Amino acid sequence: LLKSQFGLRRCEIMGLGSRPDLNGNTCVVKGYLPETDEYEVAMEHSDETLILSGENLKRRDRTPGDPGYYVEFKSGKTIRRDFKSN
C-alpha cells in the first residue's frame, strides 16, 4: 500500500458513474486489494467505506495526519491558512 501513489493518502473522488454524488468529495485510502486492483477508501466527511478503482481517485497532497492548515510568514507576521476541503 505504501508503494502505491495512493497509499494512506487523501484523495478526491472523480468520474464515478455509479455514485456521481460522491464526485469531488474527499476520502482517505485505507487499503489496496491486489486481486481486483482496487482501493478501500474511507470517506472523509461521513462513515462510509467504499471500494474504488485507481481511475476514480485523484491524489491530494495532504495525508491523514496533516493538521488541515499551513503557516505563512509574511511581512514579519505569522498567518494561518486553512486548506480547502468539502
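As a reminder, the structure under discussion sits directly above these lines.
Residues numbered from 1 in each chain as written. Predicted model: local features only at pLDDT ≥ 70, side-chain atom pairs only at ≥ 80, totals over all residues. Heavy atoms only, no water.

**Q** Where do I start with the overall build of the protein in this structure?
**A** Scanning the protein from terminus to terminus reveals zero helices and seven strands. Each helix and strand of the protein, placed in order from N terminus to C terminus, yields the pattern β-β-β-β-β-β-β. Considering the protein as a whole, with its 86 residues, one finds that 27% of them fall into the buried category. Taking as baseline every contact in the protein between residues at least 6 positions apart, the subset at least 24 positions apart corresponds to 39%. (Helix = DSSP H or I, 4+ residues; strand = E, 2+ residues; numbered from the N terminus. Buried < 20%, exposed > 50% of the residue type's maximum accessible area, 1.4 Å probe, protein only. Contact = heavy atoms within 4.5 Å.)

**Q** Explain unusual backbone geometry here, please?
**A** Glycine aside, a negative phi is what most residues show, and trans is what most peptide bonds show. In this model, D37 sits at a positive phi of 55 degrees, which is unusual for a non-glycine residue. By secondary structure assignment, the location of D37 is in the loop between strand 2 (26-33) and strand 3 (38-43). Looking at D37, the relative accessible area reads 48%, which means it is partly exposed. For S75, which is not glycine, the phi torsion reads 55 degrees and is therefore positive. Following the sequence through the fold, S75 ends up in the loop between strand 6 (69-74) and strand 7 (77-82). On the basis of relative accessible area, S75 is assigned to the exposed category, the value being 74%.

**Q** How do you make sense of a nonpolar patch on the surface when you look at a structure like this?
**A** Nonpolar side chains collect at one region of the surface, where Y69, V71 and F73 lie side by side and expose about 310 Å² of accessible area between them. Locating F73 in the fold gives a position in strand 6. (Patch = residues over 30% accessible without salt bridge, like charges linked within 9 Å, V, L, I, M, F, W, Y side chains within 5 Å. Areas by Shrake-Rupley, 256 points an atom, 1.4 Å probe, with all protein chains shown as cover. Salt bridge = Lys/Arg side-chain N within 4 Å of Asp/Glu carboxyl O.)

**Q** Would you mind showing me how to read the environment of V71 here?
**A** Mapped onto the elements, V71 comes out in strand 6. For V71 and R81, which are ten residues apart along the polypeptide, the C-alpha to C-alpha distance reads 6.1 Å. Residue contacts for V71: discarding those within four places in its chain leaves T78 and I79.

From the geometry alone we can't say anything about function, so treat these as descriptive.
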